[in-house]
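What follows is each chain in one-letter form.
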Amino acid sequence: MLHNETRKLLIDAWNKTHNAKEVAECFSVNTSTVYRLEKRMRETGSVETRVSQRGRKPALSQADIQNIDQLIQAQPDITIHEIREELKLQVSDETVRKAVLKLGYVYKKKSLHASEQERPRCQGQKGGMEKAYTAGRYK
């Protein structure tokens, strides 16, 4: 891959000589590279590398991410699945979860409320909610 400065020098040499073979030998590239860069210069006016078109495109737009942020601020206890359904996003729950984490939000475990902490199960005592196992059946 040629650096942007080398690309500009190659085009300058092409404009002076119009001899692709000579320019290609001088810059140690193939003649098709010279023609390709000349064509790009003619069509776009630039021969710089196009870095914005590389890689995988994001599944969520900036507007989607802003909508997710506003929805979380309005309803802090909303789930990932509910966010996806509310905004009618055509992505997976995992994609929404990653967007939520990028926004700086974290999951918080549900803590036991005062009334739930008093139940025998929560205190480590055996309560009436457990079932006894006898002869292969639950009672």
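A few points on the structure. (Residues numbered from 1 in each chain as written. Predicted model: local features only at pLDDT ≥ 70, side-chain atom pairs only at ≥ 80, totals over all residues. Heavy atoms only, no water.)

### Notes on the overall build of the protein
No. 1: A tally of regular secondary structure across the protein gives 7 helices and 2 strands.
No. 2: Put simply, the protein runs from its N terminus to its C terminus through helices and strands in the order α-α-α-α-α-α-α-β-β.
No. 3: In the protein, which comprises 139 residues, the proportion classed as buried is 19%.
No. 4: In the protein, the proportion of contacts linking residues at least 24 apart, taken out of those at least 6 apart, comes to 38%.
No. 5: Carbon together with sulfur atoms contributes 49% to the accessible area of the protein, which is approximately 11,400 Å² in total. (Helix = DSSP H or I, 4+ residues; strand = E, 2+ residues; numbered from the N terminus. Buried < 20%, exposed > 50% of the residue type's maximum accessible area, 1.4 Å probe, protein only. Contact = heavy atoms within 4.5 Å. Areas by Shrake-Rupley, 256 points an atom, 1.4 Å probe, with all protein chains shown as cover.)

### Focus: the side chain of R40
No. 1: Along the polypeptide, R40 turns up in helix α3 (residues 31-44).
No. 2: For the buried R40, which has no salt bridge, the nearest side chain bearing the opposite charge is E43, at an N-O separation of 7.3 Å.
No. 3: Each residue touching R40, except ones within four places of it in the same chain, is listed here: R7, G45, S46, V47, E48 and R50. (Lys, Arg positive; Asp, Glu negative; His and termini not counted. Salt bridge = Lys/Arg side-chain N within 4 Å of Asp/Glu carboxyl O.)

### Here we look at the packing of aromatic side chains
Aromatic ring pairs are described here by two measures, namely the spacing of the ring centres and the angle between the planes.
No. 1: Throughout the structure, instances matching the rule amount to 1 aromatic pair.
No. 2: A centroid spacing of 5.9 Å and a plane angle of 75° characterise the contact between W14 and Y35, whose relative ring orientation is edge-to-face. Here the residue W14 occupies a position in helix α1 (residues 4-17), and Y35 occupies one in helix α3, the gap between them amounting to 21 residues.
No. 3: Given a relative accessible area of 11%, W14 falls into the buried group. (Phe/Tyr/Trp six-rings, centres within 6.5 Å; stacked < 30°, edge-to-face > 60°.)

### Concerning the pattern of salt bridges
No. 1: In this structure the tally under the stated criterion is 4 salt bridges.
No. 2: In this structure, R84 engages D93 in a salt bridge whose closest nitrogen and oxygen atoms are separated by 2.7 Å.
No. 3: For R97, the salt bridge is made with E94, and the minimal N-O distance between the two is 2.7 Å. Residue R97 and its partner E94 are located together in helix α6 (residues 93-102), separated by 3 residues, close to a single helical turn.

### Some remarks on the environment of A13
No. 1: With respect to the helices and strands, A13 occurs in helix α1.
No. 2: The contacts of A13, once residues within four sequence positions are left out, are H18, V23 and F27.

### Focus on helix α4 (residues 62-74)
No. 1: Under the 1.5 Å per step criterion, the end-to-end length of α4 is 18 Å for 13 residues, consistent within 8% with the ideal 18 Å.
No. 2: When α4 is considered as a whole, its buried residues turn out to be I68, L71 and I72. Down the axis of α4, the smallest arc covering the buried residues is 100°, so these residues share one side. Residues of α4 that are exposed and point over 90 degrees away from its buried face: Q62, Q70, Q73 and A74.
No. 3: In this fold, the buried residues of α4 make contact with α5 (80-87) and α6. (Expected span 1.5 Å × (residues − 1). Arc of directions from axis to C-beta.)

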